[in-house]
Amino acid sequence: MRKSSFYILLIAVSLGPRIDAAATTIAMPDVKGQFNKEELKNTSKVQLQADQVSFSTTDNKANAKGNVVVTSKDQQLFCDQLQLDRVIQEVVAQGDVYLDTPQENVIAGGLTYNFNSRTGEFRDAKVFLDPYQIEGQKIIKVSDTHMTLDEGYMTTCDLDEPHFRMGAHRMDIYQKDKAVVHGLKIYLGKVPVMYLPYFVQDLKNRPIITFVPGEKKDFGLFLLTTANLRVGSHVKLALHLDARERDGWGEGFDMRYNTPNFGSGLVSAYYTDENRIAGTHLWTERRRDGTKKGPTTHHERYRFIWRHRWQIDQNTNAVLQFYKIHDYDIINNGFLKTYFPQEYRQDSQNTNLDTYFLLTRVLPHGTLTFDVDTNHINRPVTGVNRYPEIKYEIDNQQIGKSGFYVKSANTLSNLSYQNYPKTVNTKTIRFDTNNDISHPLKIGFIQFNPHLGGENTYYSRTADPTRTNIIRGMFRGSLDMSTKFYRFWNYHTDFAGLNINGLRHVITPTITYLYQPKPTFPASRLNQYDAAIDNLYRIHQFSFGLENKLQTKRNGQIVDLLRLLITTNYGLRATTGRRAFNPFDSVLDFNPTNWFTFHNENEFDYHFGHWNSENFDGTVHGKGWNFSLGSRWARYQSQQVTTQLEYTINPKWKFRVYNSFPLTQATHGNATTARENEYILTRDLHEWEMDISVDSIEKQGTTFYLLFRLKAFPDIKLNLADTTFRDSKPGSQNQTGVN
């Protein structure tokens with residue numbers, strides 16, 4: 001403590017520039033208060049303040065005692081006493097040391113620190129590196145991004161007694177990259193729960209262990225476990241070990257890797273040796289007399305994927321996929337549907353089980369691709385095989401300075417299609433060239449863009465065995481017309497948070513005329529490999545579009561308050577035998593404020609006088625809450641309504657409710673959408689967040705899971721759900737990659 005009176009020792013040595021010592025008042029941390037200082041300034045812009053300062057001319061060093069403060073640009077050091085080397089700007093400090101830099105904050109018993117190189121050694125220290133902190137007997141700062149730790153720990157908890165910490169005999173910490181740990185001990189409180197001799201902790205993508213217990217109709221009771229690890233600096237690994245009451249064990253891994261020179265990829269595998277019991281639970285498998293309710297069925301199911309992407313150079317890219325799946329119900333995608341439901345639903349319209357290699361090269365005026373694609377590895381899956389397919393596309397290029405533009409797509413393919421068991425085996429060599437010439441111009445206030453072109457295709461074989469080596473031709477002509485109309489109102493208001501700074505109404509009508517006569521060889525006599533090439537037919541129509549936008553300016557940017565687009569086609573007699581409008585499509589986006597958004601899509605059949613579909617999504621945002629309502633309806637299908645409410649109860653608790661339910665029954669044998677209810681309660685546990693969730697899907701069972709997440713790494717999100725308004729679920733139900 002500072003006494004009420006004291007002596008100031010003033011030493012001024014006349015060496016070159018005068019060194020002044022003056023008593024000043026410095027803002028100090030509360031633990032130190034404010035004191036009068038001796039100030040020492042030098043030509044290197046290092047300022048030294050203390051109760052006592054002495055200077056040695058022999059070794060050009062300064063010694064300071066009592067409430068010492070050293071300032072160098074954006075670095076500041078507080079301590080009880082230190083020695084400063086003025087030449088190299090290095091200090092040796094003792095007692096109640098506090099160092100503040102843009103990179104870290106250090107509390108230590110003592111340190112040696114160089115203000116120029118920003119390196120040093122901290123003894124009995126605690127270093128705060130947002131969002132984590134380290135503590136150890138000796139911490140060495142090797143560079144701005146590298147520290148070493150001896151006999152200490154790392155944690156994301158900022159309490160004096162952290163809830164969770166990673167103890168280490170030695171640790172190399174590369175900020176915002178990784179921590180290499182030797183002699184790892186994981187502590188919960190003061191209790192050690194795990195030991196590893198060597199471990200690499202990812203500081204960019206924090207690994208986490210998740211346990212997902214629950215119950216489903218297909219699995220019975222289950223526990224899904226995922227552990228994410230980092231193996232070296234180029235590999236991330238997710239390990240899966242799952243137990244299912246009705247099926248047994250399942251295990252697998254997902255490994256993401258990157259190489260310095262040859263790209264990055266994913267290797268994923270999952271295996272289960274199913275032994276499915278007849279009962280819904282183990283304790284209901286047998287009847288009262290001890291006999292089984294049914295036989296136990298055995299199936300071996302597995303999947304292996306290797307995907308690799310390599311950016312060879314700025315213009316060349318290669319992609320490789322090897323996909324092997326073994327499943328007794330492969331035709332119905334049973335393995336994916338049961339064990340990877342989120343992946344199945346996301347890709348249900350385009351499930352790609354193919355093995356392929358795709359090489360793409362961007363050329364000065366176009367793009368060249370080389371593709372080899374096969375599904376023979378996963379029989380009885382059927383599909384088109386390409387051995388190979390070479391395609392060259394020319395972008396819309398101007399011919400000299402004529403104002404005419406040309407684009408072209410040319411594809412050479414060796415194609416085959418074979419079902420399983422083998423009853424159909426079709427193949428052909430096909431060369432397709434599709435060309436278009438256009439000449440955009442403006443007449444008055446209308447923008448015109450006429451197109452002339454055609455498509456010619458060679459087939460070595462057709463669906464008709466008697467017709468080989470044929471060339472199919474087709475002409476195409478079109479005319480695009482569009483314009484814009486504007487009106488501006490100098491209207492300003494902030495009523496209800498609208499933040500309107502002027503209004504502009506933009507109307508954009510478009511008309512397209514397209515004439516495409518019958519091809520010289522009908523599509524019905526061709527094997528269908530690619531509908532865009534093989535299934536060509538006569539088209540004679542007008543397409544109409546009308547877009548309305550209401551715009552304003554916010555923060556200097558133009559934003560759309562309202563956008564309405566209506567489109568339709570009018571078929572001429574040459575197409576349908578009668579003149580008629582096709583269904584009208586409309587898209588509406590309404591974003592009046594930052595607290596309300598609305599999106600709507602509709603299709604109206606003018607000929608039959610009824611709606612074919614209607615979809616909308618709306619969200620209202622409030623202080624601490626938001627509510628979303630959505631609806632999906634299509635004729636002859638069930639109507640699904642989804643709602644979601646998120647509410648922040650207090651700083652510690654949040655609550656979310658999601659509901660999905662059908663309003664009407666489907667017709668024509670289509671399945672009715674299942675009712676789903678999910679409730680998620682989130683608790684803030686200081687450096688952790690805990691989710692308690694119950695998810696119930698009609699006729700599929702109820703899933704309960706307890707999930708912990710580290711708040712310090714918000715960029716890494718563990719998906720919690722998989723339908724409207726929500727992300728996908730965690731654990732082994734989502735085996736697509738490493739978090």
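**Observations regarding the overall build of the chain**
Then, in step 1: When its secondary structure is counted, the chain shows 4 helices and 42 strands.
Then, in step 2: Out of the 739 residues belonging to the chain, those deemed buried represent 42%.
Then, in step 3: Partitioning the contacts of the chain with sequence separation of at least 6, the portion at a separation of at least 24 is 43%.

**Thoughts on unusual backbone geometry**
Then, in step 1: The peptide bond linking Tyr387 to Pro388 adopts the cis configuration, its omega dihedral lying at -10°.
Then, in step 2: If you trace the backbone, Pro388 turns up in strand β23 (residues 384–398).
Then, in step 3: Although it is not a glycine, Gln89 sits at a positive phi angle of roughly 55°.
Then, in step 4: Mapped onto the fold, Gln89 is located in the loop between β5 (75–85) and β6 (90–100).
Then, in step 5: Accessibility expressed as a relative area gives 7% for Gln89, which makes it buried.
Then, in step 6: Of note in this structure, Arg118 is not a glycine but carries a positive phi near 55°.
Then, in step 7: Along the chain, Arg118 turns up in the loop between β7 (105–114) and β8 (119–129).

**Topic: the nonpolar core**
Then, in step 1: Counting residues in each nonpolar core, the largest one holds 43 residues, and the members touching the most others are Leu48, Leu77, Leu82, Leu111, Phe122 and Ile173.
Then, in step 2: When residues of this core are assigned to their parent elements, the largest contribution, 5 residues, is made by strand β11 (residues 164–174).
Then, in step 3: In contact with Phe122, not counting residues within four places along its chain, are Leu99, Val106, Ala108, Gly110, Leu111, Tyr113, Val127, Gln137, Lys138, Ile139, Lys141 and Met147.

**What to know about the pattern of salt bridges**
Then, in step 1: Per the stated rule, a full pass over the model turns up 23 salt bridges.
Then, in step 2: Shared partners join several salt bridges into a network, and the residues in it are Arg386, Glu389, Arg430, Asp530 and Asp534.

**Digging into the packing of aromatic side chains**
Then, in step 1: The final tally for this structure, using the stated rule, is 22 aromatic pairs.
Then, in step 2: Seen from their ring centres, Tyr270 and Phe340 are 5.7 Å apart, and the 80° between their planes marks the pair as edge-to-face. Linking Tyr270 in strand β18 (residues 264–276) with Phe340 in the loop between α1 (334–339) and α2 (341–346), this pair joins segments that are 70 residues apart in sequence. For the pair Tyr270 and Phe340, a shared accessibility class is recorded, and that class is buried.
Then, in step 3: Centroid distance Tyr271 to Tyr302: 6.5 Å. Interplanar angle 25°. Geometry classified as stacked. Here Tyr271 is found in strand β18, whereas its partner Tyr302 is found in strand β19 (residues 297–313), with 31 residues between them in sequence.
Then, in step 4: Residue Tyr271 is classed as partly exposed on the basis of its relative accessible area, which comes to 28%.
Then, in step 5: Positioned above the aromatic ring of Tyr187, the side-chain terminus of Arg165 is 4.1 Å from the ring centre.
Then, in step 6: The residue whose ring lies beneath Arg303 is Phe340, and the NZ or CZ to ring-centre distance is 4.2 Å.

Reading the values: the criteria
Residues numbered from 1 in each chain as written. Predicted model: local features only at pLDDT ≥ 70, side-chain atom pairs only at ≥ 80, totals over all residues. Heavy atoms only, no water. Helix = DSSP H or I, 4+ residues; strand = E, 2+ residues; numbered from the N terminus. Buried < 20%, exposed > 50% of the residue type's maximum accessible area, 1.4 Å probe, protein only. Contact = heavy atoms within 4.5 Å. Core = buried A, V, L, I, M, F, W, Y, C linked by side-chain atoms within 4.5 Å. Salt bridge = Lys/Arg side-chain N within 4 Å of Asp/Glu carboxyl O. Phe/Tyr/Trp six-rings, centres within 6.5 Å; stacked < 30°, edge-to-face > 60°. Lys NZ or Arg CZ within 6 Å of the ring centre and 35° of its normal.

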